[in-house]
Structure formats: C-alpha cells, structure tokens
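Survey of secondary and tertiary structure
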Amino acid sequence: MRCKTMEAIDLRLSLQNTRYNFNCIYRPPANKKNKIKSPDVRKEINEMLTLQHTRPGHSIILGDFNFHFDNVTDTVKLHESLSENNMCQIVTTPTHSAGHILDWVIVENSEFQKNNATVDYLPFSDHSLISFNLDVSKPCQETITTSTRNIKGINLDNFRGDLETKLTKNSMISPDHWNSCLIETLDKHAPFQTRAVTNRKYAPWYTSDVKEAKTKCRRAERLLKTSGLTIHREIFKNAFRAWKTTIKKAKTTYFLSKFETSKSCKQLFNICNDLLGRERCTSLPSTTNQRDLPNTFVNFFKDKIITFVQN
C-alpha cells in the first residue's frame, strides 16, 4: 500500500508457524509545506485497517500518528473504523511530553484483547518507549560445545615425574612415541572437560567503568518507574547520558590503542572488520575433526614430498 500522507514500513514475520503483519507508521505534522489534511489521513488509516484485516495472520499497526488519541472528537471516526475491523488501540497513557497519546499500537481484539501496553520515559526523546507482549515464546540462546584442559591446575612435579617414567621405558624415542606419552600424561593430569556455553558476542571494550555506569543507570531507571517523580527522571536522564559517554570513551580508547599498536596492514584490516561487524570466515575444512586436522595436513605434505622424490 502506497501512502501519501504518511511514511510506512510493512514487515511480515513468521515466528513458530505464526505469521505477524507489522506496519510501522510515521505521520509528519500538518503544515503549509506538506499540505496534509486530516480527512486524507483518516482515509488512509481506514484503508490500512481494512487491508490488514484481510491479510492472513495477526496484524499490528504501530507508530507516531501525530493524532491525539485521547481527544475523542478528533478520533471518533477512527474508533468506528477500528470497531468495524475488529481491532483496538491498546495505548492508554500519554506518550508525548506534552501529555497526549500520539504513538499508537493497533492490534486485533481476538488475539490481544488482554494485552496492555506499558509506556516508559526516554531521556533522549520527547516521545516515550512503548512496550507490549506477543504470545510467542522466547527463542533459546545459541549454545556451543567446547572442550578445555585445566592446564593451570597441573602439579608440575607430578606431571614431570609421570612423563619421565613413560619416556624412560623406551630407549628409542620417536616423535610418535613422544606425542603419545605427552597426550597420555596430559589426559591423566588435565583431562578434557566438555561443557555447553552460551554463544555471546565478544565486547573487548567492555570495561569495569562501563559496567558500573550501566548499573547506576539501571538503578536510576528502576527508581523512576517506582516513584515517577521529576527529580528521579532527571537523575535517570543524567545517569543515561553518563553511561552513553562512558561507552563512547571506552570504545574510542580501545580502538585507538589497537590502531596505534598494529604493525601490519593485515592487523589494520582485521580492526576495520571488527568495527564494521564483518564476521571472519575460516578457510579450514569443516568435515575434518579439528584434533585430526594437523595430522591430516602433515600426511598431505609428507605424501606430496614422497611422490615428488619418487618421480
């Protein structure tokens, strides 16, 4: 659907075999330049409601409509259109600093009738944050299986004694024998421990100062939600700005030090890839076990040299 009086983004999302149709709206305020008239806006909203009602799946229309939903005289026809399409607007608290409901969340009556939207203050905008729940279970976090050895927990005297005992049993020490003795001794003193860990994005710039600033910001946010006082709102605003400044400073310090200490173009390109969020692709084969991969490489070049010498 093409809109003339507003900006709209249409998103179709499938979650656990359930389809959701999202429409994100922004309607600029009417002025002499854009010549937007209220009847034209109401007409497009009505057409959008009708279109969403006919689509398969659950429809959700949300955004900044710049209409005072709390003013019944301005939205009486909209209420009629919502009722005709079996939909409702669930935001009941002012979302703008001027005290009006300008940001709406329009959902279906059947699916979201008991869903109430919450409005939270944002320190960097004159609009508030609107949160609401969907009947979708949270996806499980990605986990990876890793195997590690507790090398630091090895008793060096016992390890040295066991290794010497194994090596002295055979007077002819070949590389294979040395490798097997070392692996057996390691397995005894520091066996592999396999565990599943959550795959989280690594943030090397995350320092103790950033963690402390985040803690203060969250504490101020909880205090504001509890009291709602103006002074606590100012405290939260200042804490949020301090947290944002700390993050920026930590990132700047970290990447400047990386650039200054880089010694090759390869290191510079790796830093740029980290800044741009580009993932590193490994060139190693995925079909071979990583523990057997070194031996596979050795055997490949060994056979290649033998073939070359024989020919």
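Now for a description of the structure that goes with this document. (Residues numbered from 1 in each chain as written. Predicted model: local features only at pLDDT ≥ 70, side-chain atom pairs only at ≥ 80, totals over all residues. Heavy atoms only, no water.)

**Remarks on the pairing of strand E1 (residues 7-15)**
Inspection of the sheet shows E1 paired to strand E2 (residues 18-26) by nine bridges, in the antiparallel sense. Paired with Ile9 across the strands is Cys24, a residue of E2. The antiparallel hairpin formed by E1 and E2 contains two residues in its connecting segment, where Gln16 sits at a positive phi of about 55°. (Pairing = 2+ DSSP bridges. Helix = DSSP H or I, 4+ residues; strand = E, 2+ residues; numbered from the N terminus.)

**Observations regarding helix H7 (residues 230-261)**
For H7, with 32 residues, the first-to-last C-alpha span of 47 Å sits near the 46 Å given by 1.5 Å per residue. For H7, the set of buried residues is His232, Phe236, Lys237, Ala239, Phe240, Trp243, Ile247, Ala250 and Phe255. Against helix H6 (208-227) and helix H8 (265-276) lie the buried residues of H7. (Expected span 1.5 Å × (residues − 1). Buried < 20%, exposed > 50% of the residue type's maximum accessible area, 1.4 Å probe, protein only. Contact = heavy atoms within 4.5 Å.)

**Some remarks on the environment of Leu15**
Relative to the assigned elements, Leu15 resides in strand E1. For Leu15, a relative accessible area of 29% translates into the label partly exposed. C-alpha separation for the pair Leu15 and Asp157, spaced 142 residues apart in sequence, amounts to 57 Å. In contact with Leu15, not counting residues within four places along its chain, are Tyr20 and Val136.

**Regarding the packing of aromatic side chains**
Counting across every chain of the model gives nine aromatic pairs. For the ring pair Phe65 and Trp104, a centre distance of 4.4 Å and an interplane angle of 15° mean the geometry is stacked. Here Trp104 lies in strand E5 (residues 103-108) and Phe65 lies in the loop between strand E3 (58-64) and helix H2 (72-84), a separation of 39 residues in the sequence. When its relative accessible area of 1% is taken as the criterion, Trp104 is described as buried. Measuring from ring centre to ring centre gives 6.3 Å for Tyr121 and Phe236, while their planes differ by 65°; the resulting arrangement is edge-to-face. Residue Tyr121 is located in the loop between strand E6 (118-120) and strand E7 (129-131), and its partner Phe236 is located in helix H7; the two are separated by 115 residues in the primary sequence. Phe236 gets classed as buried once you look at its relative accessible area, which sits at 4%. Ring-pair connections join several aromatic residues into one group, and the members of that group are Tyr121, Phe236, Phe240 and Trp243. Over the face of the ring belonging to Phe192 we find Arg149, whose NZ or CZ atom lies 3.9 Å from the ring centre. Residue placement shows Lys251 over the ring face of Trp205; its charged tip is 4.8 Å from the ring centre. (Phe/Tyr/Trp six-rings, centres within 6.5 Å; stacked < 30°, edge-to-face > 60°. Lys NZ or Arg CZ within 6 Å of the ring centre and 35° of its normal.)

**Some words on the environment of Met87**
In this structure, Met87 sits in strand E4 (residues 87-89). Filtering out sequence-adjacent residues up to four positions away, Met87 remains in contact with Leu49, Ser59, Leu82, Ile106, Val107, Glu108 and Asn109.

**Digging into helix H4 (residues 156-168)**
With 13 residues, H4 should reach 18 Å at 1.5 Å per residue; the first-to-last C-alpha distance of 18 Å fits that figure. Tucked inside the fold, the buried residues of H4 contact helix H5 (175-189). Looking at where H4 begins, the residue whose side-chain oxygen comes 3.1 Å from the main-chain nitrogen of Asp157 is Asn155. (Polar contact = N/O pair within 3.5 Å; in protein donor to acceptor, adjacent residues only side chain to side chain.)

**What to know about a nonpolar patch on the surface**
On the surface, Phe259, Leu268, Leu275 and Leu276 cluster together to form a nonpolar patch covering roughly 350 Å² of accessible area. Among the elements that make up the nonpolar patch, the one with the highest residue count is H8 (three residues). The topology assignment puts Leu276 in helix H8. (Patch = residues over 30% accessible without salt bridge, like charges linked within 9 Å, V, L, I, M, F, W, Y side chains within 5 Å. Areas by Shrake-Rupley, 256 points an atom, 1.4 Å probe, with all protein chains shown as cover. Salt bridge = Lys/Arg side-chain N within 4 Å of Asp/Glu carboxyl O.)

**What to know about the sheet that holds E5**
Read from one edge to the other, the open sheet built from five strands follows the order E1-E2-E3-E5-E4, with strand pairing classed as mixed. Only two strands of the sheet have a single neighbouring strand rather than two, namely E1 and E4. Averaged over all adjacent pairs, the angle separating strand axes in this sheet is 15°, with direction ignored. Running at roughly 170° to E2, helix H1 (residues 38-54) makes contact with E2, E3, E4 and E5 of the sheet. Lying over the sheet, H2 contacts E4 and E5, oriented at roughly 140° with respect to E4. (Axes fitted to C-alpha atoms, helices over the stretch in contact; angles between N-to-C directions.)

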